[in-house]
Amino acid sequence: MRKTLPVISTGPTAGSGSCSTAATAPAARPGLPRWRRRGLRIALVRHHDLCLNTRQITQIQKRAGVLPHLGLGYIHTALKTAGFHNVIQVDTPALGLDAEGLRRLLADFAPDLVGVSTTTPGLPGAVEACQVAKSTGAKVILGGPHTEVYARENLHHDCIDYVGVGEGITIMPELAEALEQGDRPDGIRGLVSRESDGGAAPMVNLEEVGWPERGGLPMDRYYSIMAPRPFATMISSRGCPFKCSFCFKQAVDKKSMYRSPEDVVGEMTELKKRWGVKEIMFYDDVFTLHRGRVREICALIGEQGLKVRWEAPTRVDLVPEPLLKAMAGAGCVRLRFGIEHGDPEILRRMRKESDIAKIEKAVTSAHEAGIKGFGYFIVGWLDESREQFRRTIDLACRIPLDYASFYTATPLPGTPLHTESVAAGRIPKDYWDRFVQGEFDSRIGYLVPDAQHRAQAAYRAFFLRRTMVKPLLGHMAATGQWRNTLDGLRSLARSTSNTDRDF
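The structure contained in this document is the topic of the report that follows. Computed from a predicted structure; not experimentally measured.

### Quick notes on the overall build of the protein
Scanning the protein from terminus to terminus reveals 19 helices and 16 strands. When contacts within the protein are restricted to residue pairs at least 6 apart in sequence, those whose partners lie at least 24 apart make up 77%. In the structure as shown, the protein presents an accessible area of about 20300 Å², 52% of it carried by carbon and sulfur atoms.

### Thoughts on unusual backbone geometry
Residue Pro230 is reached from Arg229 by a cis peptide bond, and omega for that bond is -5°. Take Pro230: it is sitting in the loop between strand E8 (223-224) and strand E9 (231-234). The phi angle at Arg351 is positive, at roughly 60°, despite the residue not being glycine. Looking at the element boundaries, Arg351 is found in the loop between helix H12 (344-349) and helix H13 (356-368). By relative accessible area, which is 42% here, Arg351 ends up partly exposed. One non-glycine residue, Asp383, lies in positive phi territory at about 65°. Assignment of secondary structure puts Asp383 in the loop between strand E15 (372-379) and helix H14 (386-398).

### Side note on the sheet that holds strand E13 (residues 309-314)
Spatially, the six strands line up as an open sheet ordered E9-E12-E13-E14-E15-E16, and their pairing is parallel. Looking at the sheet topology across the chains shown, the edges are occupied by E9 and strand E16 (403-408). Direction aside, the axes of adjacent strands within the sheet are offset by 20° on average. Relative to E15, strand E14 (residues 332-340) runs parallel, the two sharing six bridges. Paired with Arg334 across the bridge in E15 is Lys372.

### What about helix H19 (residues 482-494)?
Taking 1.5 Å as the rise per residue, H19 with 13 residues should run 18 Å; its terminal C-alpha atoms sit 18 Å apart, in good agreement. Taken residue by residue, H19 has Asn484, Thr485, Gly488, Leu489, Ser491 and Leu492 as its buried positions. Viewed along the axis of H19, the buried residues span an arc of 160°, placing them on a single side of the element. Structural note: H19 exposes Arg483 and Arg494 on the side pointing more than 90 degrees away from its buried face.

### Remarks on the packing of aromatic side chains
For any pair of aromatic rings, the description consists of the separation of the ring centres together with the inter-plane angle of the planes. Scanning all chains against the criterion turns up 15 aromatic pairs. Pairing Tyr376 with Tyr407 gives two aromatic rings, centres 6.0 Å apart and planes at 35°, and the pair type is tilted. Of this pair, Tyr376 sits in strand E15 while Tyr407 sits in strand E16, and the two are 31 residues apart along the sequence. On the basis of relative accessible area, Tyr407 is assigned to the partly exposed category, the value being 25%. A centroid spacing of 6.2 Å and a plane angle of 15° characterise the contact between Tyr459 and Phe463, whose relative ring orientation is stacked. One end of the pair, Tyr459, and the other, Phe463, are both in helix H17 (residues 451-463), four residues apart, so they sit about a helical turn from each other. Across this residue pair, the class does not change: Tyr459 and Phe463 are buried. One aromatic cluster is present, built from ring pairs that chain together Phe377, Phe406, Tyr459, Phe462 and Phe463. Just above the ring of Tyr283 sits the side chain of Arg336; from NZ or CZ to the centre is 4.6 Å.

### Some points on the pattern of salt bridges
Counted by the stated rule, this structure contains 30 salt bridges. A salt bridge links Arg184 to Asp186, with the nearest nitrogen and oxygen atoms 3.1 Å apart. Assessed through its relative accessible area of 54%, Arg184 is described here as exposed. Linking Arg483 and Asp487 is a salt bridge whose minimum nitrogen-to-oxygen distance equals 3.8 Å. Here Asp487 and Arg483 lie together in helix H19, a separation of four residues that amounts to about one turn.

### Quick notes on the environment of Pro320
Within the fold, Pro320 resides in the loop between E13 and helix H11 (321-329). On a C-alpha basis, the gap between Pro320 and Thr288 in space is 9.9 Å, while along the polypeptide they are 32 residues apart.

### Observations regarding the environment of Pro121
Structurally, the position occupied by Pro121 is in the loop between strand E4 (113-117) and helix H6 (123-135). Taking relative accessible area as the criterion, Pro121 reaches 14% and is therefore assigned buried. Considering only alpha carbons, one finds Pro121 and Thr54, 67 residues apart in sequence, at a separation of 6.9 Å. If sequence neighbours within four positions are ignored, Pro121 has contacts with Asp49, Cys51, Asn53, Leu412, Trp432 and Phe435.

### As for H13
Helix length check: H13 (13 residues) gives 18 Å between terminal C-alpha atoms against 18 Å at 1.5 Å per residue, within 8%. Residues Ile356, Ile359, Ala362, Val363, Ser365 and Ala366 constitute the buried set of H13. Contact partners of the buried residues in H13: H11, E14, H12 and H14. If you check the start of H13, you find a side-chain oxygen 3.1 Å away from the backbone N of Ala357, and it comes from Asp355. At the exit of H13 stands Gly370, carrying a positive phi of roughly 90°.

### Remarks on a nonpolar patch on the surface
Taken together, the side chains of Val469, Leu473, Trp482 and Leu486 define a hydrophobic patch exposed on the protein surface, amounting to about 350 Å² of accessible area. For Leu473, the position within the fold is in helix H18 (residues 469-479).

### Points about the pairing of strand E5 (residues 139-143)
The two faces of the sheet receive side chains in turn, since in a regular strand these alternate between them. Counting buried positions along E5 gives four out of five residues, so the element sits mostly inside the fold. Direction of pairing for E4 relative to E5: parallel, over a ladder of five bridges. In the strand pairing of E5, Ser117 is matched with Gly143. Chirality of the crossover, the property in question, places the unit of E4, H6 and E5 among those that are right-handed. By the bridge criterion, two bridges tie E5 to strand E6 (residues 162-164) in an arrangement that is parallel. Paired with Leu142 across the strands is Val163, a residue of E6.

Conventions we followed
Residues numbered from 1 in each chain as written. Predicted model: local features only at pLDDT ≥ 70, side-chain atom pairs only at ≥ 80, totals over all residues. Heavy atoms only, no water. Helix = DSSP H or I, 4+ residues; strand = E, 2+ residues; numbered from the N terminus. Contact = heavy atoms within 4.5 Å. Areas by Shrake-Rupley, 256 points an atom, 1.4 Å probe, with all protein chains shown as cover. Buried < 20%, exposed > 50% of the residue type's maximum accessible area, 1.4 Å probe, protein only. Pairing = 2+ DSSP bridges. Axes fitted to C-alpha atoms, helices over the stretch in contact; angles between N-to-C directions. Expected span 1.5 Å × (residues − 1). Arc of directions from axis to C-beta. Phe/Tyr/Trp six-rings, centres within 6.5 Å; stacked < 30°, edge-to-face > 60°. Lys NZ or Arg CZ within 6 Å of the ring centre and 35° of its normal. Salt bridge = Lys/Arg side-chain N within 4 Å of Asp/Glu carboxyl O. Polar contact = N/O pair within 3.5 Å; in protein donor to acceptor, adjacent residues only side chain to side chain. Patch = residues over 30% accessible without salt bridge, like charges linked within 9 Å, V, L, I, M, F, W, Y side chains within 5 Å. Right-handed = clockwise from strand over helix to strand, strands pointing away.

Spatial relationships are all this shows, so hold off on functional conclusions.
Right, dumping it as structure tokens:
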């Protein structure tokens, strides 16, 4: 049964419960009558990222799909729980809206407060959305993973009034309450303004928030090249204790938090019944981190007779064979493995705590259990030689993977890779600082000169093999993603160049 409990105490309202968070919430402000609390109009926006610093090659990125933004869905639920019901989510990639389309939509809605989410590479698009929102007269808050590293720096942009650091689930209801009452939003944990700095917002147990709000979203517009439509995304746990050197972690990512099997399967059931979802993509950091809980989820799926496909991310050292069999029996059709590289030395430098033998065993065991393997790889690592790159292609083609994604190494701010790349003289120390200030005209440098060509060559080597014809036909038949898959393959084939012979 669905659980919906209050996120923070925002004053007495009809039917409100007591505060229940992972940390002590800020002191509650005096409540307002519910009819007034409903007055504030709030828009939550995800905009096109206009990304110069994508880690994915263009041919794949354009066809990969548009996935729902779970973070905004959770914030929407938290706002509703706090009594704010005039809330909309605006997902411009799903709606096909450009900046002018967003402006018209917001002008019609006339929001008092607009929240925009972003990552650091996607900041140019977020700033564009903030400028549009500000032109309608709304107060604007920027949030998302990006603000963990750059909080006050974002206020360089006049269109941004506030920056949220940490849990938007707690920040947004508190900010909305302050604006509703005409108060200065000082002292709100996680809220940064030109006048004050509230530090970081406390971590929240997602099970106490309630499921992300999906009503009003264009659910029929979301798609993934990997899944049949309609599909949906979920989070069953948060946090990752591992320390891969390329991965940016927010403060909340460093602690593990798990939803109960009953809550997870309850949301899966709602997605199946209400939205007709055929496949669910879990976006946990590491789905199998707590293996006992995963076994309970699988058992509950079986007990309830739930028939829905699902996939999840994991590590090669966290999938014992008995667990794989249980997951396959419960509808798991695909596991996404963070393999990253085929060279032992670069795996060590990535701090993956993995080795080639573990990779081969995990992918083979999943294959034998009837679960398709999706491997993530990073090419163009700092000082990666041609031979080390070839080992990555050889590994990807040797193990029984059904899918692979090849990203170019990008030193994100706050990561060990960034520190190492600066020390090696590959990138300017202040690149991301200038990027945040509005210098959006150039991509951060690749760590090897031909990194983009290496990624393209890796995709061609993996997907344009004769042995991939049957798996790809099976994938397209199962998912209905004929056009996107064929367009991507044709694009890869057309991009073949003489540089392939160098690899």
